[in-house]
Protein chains: 2
Amino acid sequence: MIESTLVSVDVLALRFDTGARAVLLGISERPQEPFAGALALPGVLLRRGERLRDAAVRAAADKLGVKVRATGQLITFDEPSRDPRGPTLSVALWAAVDPSAAGRTWVPLDDVPHLAFDHDRIVADCRPLLRDRLWRDPAFTAGLLGTEFTTAQALDLTEALTGERPYPANLGRTMERVPGLRRTTQHAASLPKGGRPPSVWRWEQPAAQA
Amino acid sequence: MIESTLVSVDVLALRFDTGARAVLLGISERPQEPFAGALALPGVLLRRGERLRDAAVRAAADKLGVKVRATGQLITFDEPSRDPRGPTLSVALWAAVDPSAAGRTWVPLDDVPHLAFDHDRIVADCRPLLRDRLWRDPAFTAGLLGTEFTTAQALDLTEALTGERPYPANLGRTMERVPGLRRTTQHAASLPKGGRPPSVWRWEQPAAQA
DNA sequence: ACAAAAGTGTTTTTTATACACCCATGG
DNA sequence: CCATGGGTGTATAAAAAACACTTTTGT
């Protein structure tokens, strides 16, 4: 079976920074050739019998030192020349990671520096897919926001992913249509500048994977 | 690199039968173990350096004896036990094939018999994705309908994929919004029972791959 | 002339977006 | 009591679906 192509899993590790109101992408410096010292998406070679999700979790742990909350498939890249070591399939997965972990290098999703391999292309091709998953894919959305979040955070996340800040009223209606999501009677403490305290939303179950 | 997983490409080969007004799925009897004699999706092991599309074309040619018009990615299946020979990733692709070729076994997409491996699951999981591609993915739509087709065929194909027959008027407006698709001034000969002859539609360019 | 099927124009329904105004908090 | 921002209700716009009626063919 020496003639088969190798498979790598490359991860778009995402973290929602509530303070900066931005979605951050986790990247890491490559420790060895090829592209030693260059920045790249965290990726690992898929082990025999390993599931894609497990490989993504492993990549995030090894290369970023973070714990993954949820993952999902994006696209598979198959240009034979994408890895100088030889033909390697790359299955791109998104991974929502815990925002508490400090981790290594995090960059705004809309301002990613040049990356090794064909990772610039991977990020570019996957960017619109991530945007489409917000509010439509509960695992994705819950992974970024956590099990409990405020309307203010939802507004910020939506603006970060779509580029437009929705009207609070309309977003509230959108969220009420998301299966598994419930508005609670709680209210968060409001921001330093004052303003009405936003209500808290919560996911009912752990929200199944996509 | 002995510890890497193998990759197979499994193809949902689709053919639009204008006579039967149905979308047919190409399946083939497995010539050897495992599942010798059982029906399965045409699939091949991905060769080193081979592109997914090329592997899909090869699978369709080898197992079905048909020529492929267009292909596209669907999902990747990664259950380690899906192939009794050992862990094998399966990348599912759709392929639109020329309807003229007689080929081997063709079954209605909505009445697929039990298949080997996890191919029942692949068909079930991919079915809604195919439905979503109609009129949205020009390569997919053009692949099924050919470069020139009538409104009547468009109605039939839509009914076959979505389960509902649209109003001719509304489908016409939908088609006018599809990039690259133009209504010609030609009219096809009408059906035996009479009725107004439908107009002919044509794709401008060969319609790029998705 | 009649039945069948496509096409044109219009109405109705649904959904998404925008807005006006009220509410709750910090300064 | 004013600034700040979330929330409720409603208006407007855009998109989708449904319908009435005309056109073009075969019998």
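Chains are numbered independently. Their residues run from 1 in the order of the written sequence. For this description, chains carry letters from A and ligands carry numbers from 1, given in the order in which they are written. pLDDT decides what is reported in this predicted model: residues at 70 or higher carry local features, side-chain atom pairs at 80 or more are listed and counted, and totals for whole chains, interfaces and linings draw on all residues regardless. Only hydrogens and water are set aside; all other atoms, that is, all heavy atoms of the structure, feed into the side-chain values.

- Where an unreviewed UniProt entry is consulted, chain A appears under the name 8-oxo-dGTP diphosphatase, with the organism given as Saccharothrix violaceirubra.

### Observations regarding the pattern of salt bridges
Residue and element names in this part refer to chain B.
Thinking step 1. A carboxyl oxygen of Asp or Glu within 4 Å of a side-chain nitrogen of Lys or Arg is what we treat as a salt bridge. Within the structure shown, the criterion is met by 34 salt bridges over all chains.
Thinking step 2. The salt bridge involving Arg121 is made with Asp125; its shortest N-O contact spans 2.9 Å. With a gap of 4 residues between them, Arg121 and Asp125 both fall in helix H2 (residues 119-133), about one helical turn apart.
Thinking step 3. For the exposure calls, accessible area comes from a 1.4 Å probe over protein chains only, and a residue counts as buried if that area is under 20% of its type's maximum, exposed if over 50%, partly exposed in between. For Arg121, a relative accessible area of 41% puts it in the partly exposed group. Secondary structure elements are defined from DSSP: runs of H or I of at least 4 residues count as helices, runs of E of at least 2 residues count as strands, and each element is numbered from the N terminus.

### Overview of the relation of the copies chain A and chain B
Thinking step 1. Overlay of chain A on chain B (RMSD 0.0 Å): rotation 180 degrees, translation along the axis 0.0 Å. The superposition of one copy onto the other is thereby described by a two-fold rotation axis. We superpose the copies by least squares over the C-alpha atoms of residues that have a pLDDT of at least 70 in both of them.

### Quick word on unusual backbone geometry
Outside of glycine, negative phi angles account for most residues, and trans bonds account for most peptide bonds.
Thinking step 1. A cis amide bond links Glu33 of chain A with the next residue in sequence, Pro34 of chain A, at an omega value of -5 degrees.
Thinking step 2. On the secondary structure map, Pro34 of chain A appears in the loop between strand E2 (22-29) and strand E3 (39-40).
Thinking step 3. Phi is positive for Phe35 of chain A, close to 65 degrees, though the residue is something other than glycine.
Thinking step 4. Unlike most non-glycine residues, Trp135 of chain B shows phi in positive territory, near 70 degrees.
Thinking step 5. Assignment of secondary structure puts Trp135 of chain B in the loop between H2 and helix H3 (138-145).

### So, the protein's contact with DNA strand C
Thinking step 1. One heavy atom suffices: a residue is near a molecule or strand as soon as one of its heavy atoms comes within 4 Å of it. Among the 21 residues in the neighbourhood of DNA strand C, the closest are listed as Asn170 of chain A together with Thr151, Ala169, Gly195 and Ser199 of chain B.
Thinking step 2. Contacts described as polar in this section are N or O atom pairs within 3.5 Å, which, within protein, must combine one atom able to donate a hydrogen with one able to accept it, while residues neighboring in sequence count only if both atoms come from side chains. Gly195 of chain B has a polar backbone atom sitting 3.4 Å from a base nitrogen of DNA strand C.
Thinking step 3. Of all the secondary-structure elements, those providing two or more residues to the surface near DNA strand C are helix H5 (168-176) of chain A together with helix H4 (151-162) and helix H5 (168-176) of chain B.
Thinking step 4. For the surface near DNA strand C, the leading source of residues is H4 of chain B, giving 3 residues.
Thinking step 5. For this scheme, ten residues count as nonpolar: Ala, Val, Leu, Ile, Met, Phe, Trp, Tyr, Cys and Pro. Four count as charged, namely Asp, Glu, Lys and Arg, and the remainder, Gly too, count as polar. Per-class residue counts for the surface near DNA strand C are 7 nonpolar, 7 polar and 7 charged.

### So, the sheet that holds strand E8 (residues 148-150) of chain B
Residue and element names in this part refer to chain B.
Thinking step 1. Paired strands, as defined in this entry, are two strands with at least two bridges between them according to DSSP. An order of E8-E10-E9 is seen for the 3 strands of this open sheet, with the pairing classed as antiparallel. Looking at strand neighbours, the two that pair on one side only are E8 and strand E9 (181-187), the edges of this open sheet. Averaged over neighbouring strand pairs, the angle between their axes works out to 35 degrees when direction is ignored.
Thinking step 2. Of the strand pairs in this sheet, E9 and strand E10 (residues 199-203) are connected by 4 bridges, and their pairing is antiparallel. Residue Arg182 lies in a different strand from E10, and its bridge partner there is Arg202.
Thinking step 3. Contact definition: two residues touch when any of their heavy atoms are within 4.5 Å. The angle between two axes is taken between their N-to-C directions and runs from 0 to 180 degrees, where each axis is a line fitted to C-alpha atoms and a helix contributes only its stretch in contact. Sheet contacts for H4: E8 and E10; angle to E8, the most-contacted strand, approximately 80 degrees.

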